[in-house]
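Given next are the chains, with one letter for each unit.
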Amino acid sequence: MTFLAIDIGNTRLKWALYAAGRPGAELLASGAEFLDHIERLAEGPWADLPSPTAMLGCAVAGDAVRRRAEEQVFERFDCPARWVVSSAAEAGVINGYDHPTRLGADRWVAMIGARHRMLSQGPARPMVVVMIGTAVTVEAIDVHGKFLGGLILPGHGIMLRALESGTAGLHVPTGEVREFPTNTSDALTSGGTYAIAGAVERMRQHVRAHCGTEPACYMTGGAGWKMAPSMVSPFELVDGLIMDGLLVIAEARAAAG
């Protein structure tokens, strides 16, 4: 029973074909396309793939982009396209958002993937889950799997573009992260990096105070590796936490019938 997982973010569509729809299943193939190139999938990277038995996706880029992805799935595979929508509870995670269905599906799926990972490593603990992408999200989950709330802030690119558009003459190349920046490029890069690191550290402190114990901390996303060296507290950098979450959800739904 092969399983196709799709993660449509704000910039790229990531996909992975697994031998089964469950955590730990063998990865058969994977790839990514920029959203402008979605139409290449059926006749390109997917051309020689076996048809999956099931497909589950997570999409945050909007209905039009999701429909373009569905067209590629229908064109290449005899498989219905199914998409995760945030709900009140699923796969061991309880949604504490004021309006659960308004929580971004990527945030929801990543939290589910992170909780499964945490439980596979030892006893239940509270968590902080960070995604570093076009936007940055910082989620808090208690020891029982309840999503307490989260932060959303701009990623590096959005921060720099905002400064360039709002500050006369500020058009400089990307710099390096420095403790004491002595040029504008390094000052911009360091400022954005430490702003994100500070938000994450503040959330970690909130969770520790609320839950009375140190949380397990996970970081994922395309730019996670850039942030990891600048974090105050230790984090586990996980590649593909959303894909992990899609596998967990697929298994839970199959078990529920």
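Residues numbered from 1 in each chain as written. Predicted model: local features only at pLDDT ≥ 70, side-chain atom pairs only at ≥ 80, totals over all residues. Heavy atoms only, no water.

With 16 residues, helix 6 (residues 241-256) should cover 22 Å at 1.5 Å per step; its first-to-last C-alpha distance of 23 Å lies within 8% of that length. Restricting attention to buried positions, one finds in helix 6 the residues Leu 241, Ile 242, Met 243, Gly 245, Leu 246, Leu 247, Val 248, Ile 249 and Ala 250. Once helix 6 ends, the next one or two residues include Gly 257, with phi positive near 85 degrees. (Helix = DSSP H or I, 4+ residues; strand = E, 2+ residues; numbered from the N terminus. Expected span 1.5 Å × (residues − 1). Buried < 20%, exposed > 50% of the residue type's maximum accessible area, 1.4 Å probe, protein only.)

Here the focus is the sheet that holds strand 6 (residues 93-95). In spatial order, the strands read 5-6-9-8-7-10-11; together these 7 strands make up an open sheet with mixed pairing. The open sheet has two edge strands with one neighbour each: strand 5 (89-90) and strand 11 (236-237). The sheet contact formed by strand 5 and strand 6 spans 2 bridges and is antiparallel. Opposite Ala 89, over in strand 6, you have Ile 94 as the bridge partner. (Pairing = 2+ DSSP bridges.)

A few words on the sheet that holds strand 3 (residues 27-34). Backbone-to-backbone hydrogen bonds pair the strands of a sheet. The strands run either parallel or antiparallel. Strand order in the open sheet formed by 4 strands is 3-2-1-4, with mixed pairing between adjacent strands. The sheet is open, and its two borders are formed by strand 3 and strand 4 (54-59), each paired with just one other strand. Strand-to-strand, the axes of this sheet are offset by a mean angle of 10 degrees, without reference to chain direction. Pairing of strand 1 (residues 3-8) with strand 4, which is carried by 6 bridges, proceeds in the parallel orientation. Bridge assignment links Asp 7 to a residue of strand 4, and that residue is Cys 58. Packed on one face of the sheet, helix 1 (residues 63-76) meets strand 1, strand 2 (12-18) and strand 4 and runs near 155 degrees to strand 1. (Axes fitted to C-alpha atoms, helices over the stretch in contact; angles between N-to-C directions. Contact = heavy atoms within 4.5 Å.)

So, about the state of the cysteines. This structure, assessed with the given rule, holds 0 disulfides. For Cys 79, which is in no disulfide, the shortest distance to another cysteine sulfur is to Cys 58 and amounts to 17 Å. On the basis of relative accessible area, Cys 79 is assigned to the buried category, the value being 4%. (Disulfide = S-S within 2.5 Å.)

Bringing the nonpolar core into the picture now. Among the nonpolar cores identified, the biggest contains 35 residues, and Tyr 18, Met 127 and Leu 246 are the most heavily contacted of them. If you list the elements that add at least two residues to this core, you get strand 1, strand 2, strand 4, helix 2 (105-121), strand 7 (127-132), strand 10 (216-220) and helix 6. Setting aside residues up to four positions removed in sequence, Tyr 18 forms contacts with Met 1, Thr 2, Phe 3, Ala 5, Ala 25, Glu 26, Leu 27, Leu 28, Met 243 and Leu 247. Listed in part, the 20 residues of the second largest apolar core include Ile 8, Ala 29, Leu 35 and Leu 41. (Core = buried A, V, L, I, M, F, W, Y, C linked by side-chain atoms within 4.5 Å.)

Distances and angles like these do not, on their own, reveal function.
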